[in-house]
Amino acid sequence: MNPIEKILKKNKICPVCTAKKILNGTRLNLKEPAFENGAAPTPPMGWASWNLWGRRVTEDVIVETARAMQALHLDELGYTYVNVDDCWMSSVRDASGRLQGDLSTFPSGIRALAEKVNACGFKLGLYTSNGTYTCEDLPSSLYHEETDAETFAEWGVEYFKYDFCHNVPIPTAAPEIRALSLAAPGGAEFAVYRACEAELRGAAAVFEDRNLSGKGEYVGGLDAAAGSVVFIVSAPEAGSYTLTLEIRKHGNYEKYAEVEINGAQTHMLRVPASRGAGHDGRVQFTAVLGAGANTVLVHNPVASRMDSAAKQYRRMGLLLKEAAERRAAAEGREVRPICFSICEWGLNRPWKWGASAGNLWRTTPDIRPTWASVLGIYEWNVRLYEYASPGHFNDPDMLEVGNGSLTLEENRTHFSLWCMMAAPLILGNDLRAFLLPDGRVDRMNETLQIITNRMAISIDQDPLGRQCKRVRTDLITDVLAKPLSNRELAVCILNKSGRPRKAEALLGEIVRDPYIETPDARRYQVTDVWNNTTFVTQNAVGGEVPAHGVLLYKVKAMS
Ligand code: GLA
């Protein structure tokens with residue numbers, strides 16, 4: 001053994017594991033199939049409380065908003081959800097451990113609220129965090145996923161936004177395994193399988209610790225997806241058994257392992273940080289085994305923060321899906337899927353894994369009702385065009401149209417860009433303000449005209465579900481193109497500067513981009529979305545683009 005090998009052995013350093021850990025720690029290692037619940041074939045549309053109401057949200061605000069949406073006939077345009085964001089919940093769970101509405105601001109309870117929102121023709125959305133508390137430090141769903149998914153389905157919730165505040169990542173460290181033993185529930189152990197005699201894969205290897213009982217052998221090298229141990233265990237008959245993993249207690253940090261039985265059931269085990277005096281420890285759980293030989297694989301597939309977030313979100317998505325299905329079966333009706341909105345602010349590149357966990361994923365930090373915020377979010381989100389598809393969309397955050405310091409032109413631009421990016425259209429302004437004192441709709445209101453523009457909405461809601469691509473930019477003026485169904489196309493020219501600018505887009509050039517499916521033609525029929533005028537062109541569209549403004553066109557190849 002050379003001196004380096006001696007040092008590595010003495011300090012129990014496994015170079016293969018370390019190299020793998022570093023590499024895996026920077027990327028998504030988990031590969032899961034797409035999350036399909038049928039909830040969002042096109043980007044979801046609705047309203048949410050946060051941008052306007054923040055912590056001041058109440059049951060009355062939600063019901064008044066749903067009534068206003070009904071009076072405005074927003075359902076006919078595709079607006080579907082009325083979402084309560086943070087601060088709907090009481091600080092204490094009820095006697096059965098379920099979340100409950102804030103005892104003073106949501107006194108009727110959430111089920112009754114869902115019924116009221118449904119009666120107006122809309123679906124109720126709710127919010128918690130994939131952490132120990134919400135962003136406003138209220139009770140949340142991490143470690144309560146099953147109960148909460150069940151509760152939401154039972155209440156009739158049909159949209160669920162899952163934030164990332166107070167998140168506790170799944171550790172990449174794995175416990176070190178000594179043995180696996182089997183017992184009948186409540187009975188004594190009848191078989192013990194030593195890890196050092198099991199099949200060791202990858203970096204898994206046998207080590208020795210004299211402080212441990214017996215010969216002191218244990219299997220390490222399971223951290224960060226680097227290795228696994230495979231036991232073949234034999235059960236006298238099919239049924240439930242108590243499985244005990246004997247482990248080496250070490251390290252004042254939490255560890256995580258997954259136990260996969262016969263490639264079907266997965267048990268998620270969290271092993272606490274070790275502070276105890278003894279070195280021998282154990283983790284116990286119940287599993288169903290088949291009669292005869294069973295394969296029990298122990299590993300930690302989580303090697304990065306991306307893996308952790310992807311796994312936690314996918315778990316909640318699947319639990320919501322199953323809960324909605326169970327509810328429908330219990331009530332003998334069709335499934336009302338829960339649209340699942342992932343809100344981890346783009347921290348762990350959710351566009352890489354969001355489609356296997358939910359219907360939409362936030363790509364950026366929170367939006368603000370300012371031009372700088374809208375533009376900053378657009379600049380980031382526009383680059384992610386390849387990740388959008390029916391059922392799975394980038395979410396550049398809820399709309400601020402009608403809020404804060406945004407001008408009329410900026411509001412129109414904000415809405416147009418979100419439509420071009422196939423973004424969820426979740427309004428965040430005061431919809432009650434569009435009703436005149438006598439109950440009639442204030443049709444002249446320019447903000448209302450923006451959010452009800454049918455042609456802009458049809459661009460967002462096109463069934464192809466594709467996001468626009470930035471096909472040209474000189475940094476101040478961008479040209480965006482979004483493929484639409486029926487071989488149509490949406491084109492948007494954006495002027496980011498504070499001065500009007502002349503700009504044009506050449507359709508003949510755009511349709512040659514492989515991302516765009518509209519055929520090359522000699523003439524195109526073009527509708528200017530905001531002017532509502534139609535004309536025919538051979539190639540160019542454009543003109544003077546207002547400061548912070550857009551020209552937005554729907555284009556059809558003629559011949
Ligand atoms: C985070 C989210 C916001 C909103 C708040 C609520 O900041 O990103 O969209 O839900 O929490 O506390």
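This text gives an overview of the structure that appears in the document. Every value quoted in this text rests on a predicted model; they were computed, and no experiment measured them.

1. A look at helix α5 (residues 110-119)
- Of all the residues in α5, the buried ones are Ile110, Leu113, Ala114 and Val117. Relative to the axis of α5, the buried residues are bounded by an arc of 100 degrees and lie together on one face. Residues of α5 that are exposed and point more than 90 degrees away from the buried face comprise Glu115 and Ala119.
- On its buried face, α5 is in contact with α4 (59-71), β2 (81-83), β3 (123-129) and α6 (145-155).
- Once α5 ends, the next one or two residues include Gly121, with phi positive near 95 degrees.

2. A word on the layout of surface pockets
- Quantified by volume, the largest pocket comes out at close to 460 Å³.
- Along its surface, the largest pocket is lined by 14 residues, and Thr266, Met268, Lys311, Arg315 and Leu318 are the ones closest to its centre.
- Contributing elements (two or more residues each) for the lining of the largest pocket: β12 (255-261), β13 (265-271) and α7 (305-331).
- The greatest single-element share of the lining of the largest pocket, amounting to six residues, is contributed by α7.
- Residue composition of the lining of the largest pocket, grouped by class: five nonpolar, one polar and eight charged.

3. Here's the deal with the site of the ligand
- If you check the shell around the ligand, you find 13 residues, and the closest are Asp85, Asp86, Lys161, Asp163 and Asp366.
- In this structure, Arg362 approaches the ligand through a side-chain N or O atom, which is 3.2 Å from an oxygen atom.
- For the ligand, whose unbound accessible area comes to 300 Å², protein coverage reaches 94%.
- Here the residues of the shell around the ligand sort into six nonpolar, no polar and seven charged.

4. Some words on the pattern of salt bridges
- Summed over all chains, the structure comprises 39 salt bridges.
- Across the salt bridge formed by Lys161 and Asp85, the nearest N and O atoms sit 2.7 Å from each other. Remark: Asp85 occurs in the loop between β2 and α5 and Lys161 occurs in strand β4 (residues 157-163); sequence separation between them is 76 residues.
- Its salt-bridge partner being Glu379, residue Arg470 comes within 3.0 Å of it at the nearest N-O pair. Placement of the pair is Arg470 in strand β20 (residues 469-473) and Glu379 in helix α8 (residues 371-381), with a sequence separation of 91 residues.
- Judged by its relative accessible area of 23%, Arg470 falls in the partly exposed class.
- The class of Glu379 is partly exposed, set by a relative accessible area of 26%.

5. Quick look at empty space enclosed by the protein
- For the structure shown, the criterion picks out three cavities of 30 Å³ or more.
- Its volume calculated, the largest cavity comes out at about 110 Å³.
- For the largest cavity, the lining is made up of 16 residues, of which Tyr159, Lys161, Ser341, Met398 and Ile426 are closest to its centre.
- Looking at the lining of the largest cavity, the elements with two or more residues in it are β3 and β4.
- By residue number, the principal contributor to the lining of the largest cavity is β3, which donates three residues.
- Considering only residue class, the lining of the largest cavity consists of eight nonpolar, three polar and five charged.
- As a volume, the second largest cavity reaches approximately 60 Å³.
- Around the second largest cavity sit Ala153, Gly156, Val157, Glu158, Ala324, Arg327, Arg333, Arg336 and Ile338, which together line it.
- Of all elements in the fold, only β4 and α7 reach the threshold of two or more residues within the lining of the second largest cavity.

6. A look at the packing of α6 against α7
- Between α6 and α7, the least distance of the axes is 8 Å, while the angle of their chain directions is 40 degrees. Classified by the angle between their axes, α6 and α7 sit oblique to one another. For α6 against α7, the interelement crossing comes out right-handed. Residues Glu145, Glu146, Asp148, Ala149, Glu150, Phe152, Ala153 and Glu154 of α6 form the contact with α7, whose participating residues are Arg315, Met316, Leu319, Leu320, Ala323, Ala324, Arg326 and Arg327.
- Looking at the contact of α6 with α7, its residues break down into eight nonpolar, no polar and eight charged.

Conventions adopted
- Residues numbered from 1 in each chain as written.
- Predicted model: local features only at pLDDT ≥ 70, side-chain atom pairs only at ≥ 80, totals over all residues.
- Heavy atoms only, no water.
- Buried < 20%, exposed > 50% of the residue type's maximum accessible area, 1.4 Å probe, protein only.
- Helix = DSSP H or I, 4+ residues; strand = E, 2+ residues; numbered from the N terminus.
- Arc of directions from axis to C-beta.
- Contact = heavy atoms within 4.5 Å.
- 1 Å grid on protein atoms, 1.4 Å probe; cavity = no way out; pocket = protein on both sides within 12 Å on 5 of 7 lines; lining within 4 Å.
- Points joined across faces, edges and corners; volume = space filled by probe spheres on them.
- Nonpolar A, V, L, I, M, F, W, Y, C, P; charged D, E, K, R; others polar.
- Near = heavy atom within 4 Å.
- Polar contact = N/O pair within 3.5 Å; in protein donor to acceptor, adjacent residues only side chain to side chain.
- Areas by Shrake-Rupley, 256 points an atom, 1.4 Å probe, with all protein chains shown as cover.
- Salt bridge = Lys/Arg side-chain N within 4 Å of Asp/Glu carboxyl O.
- Axes fitted to C-alpha atoms, helices over the stretch in contact; angles between N-to-C directions.
- Parallel < 35°, antiparallel > 145°, perpendicular 65-115°, else oblique.
- Left-handed = near helix turned anticlockwise from the far one by under 90°.

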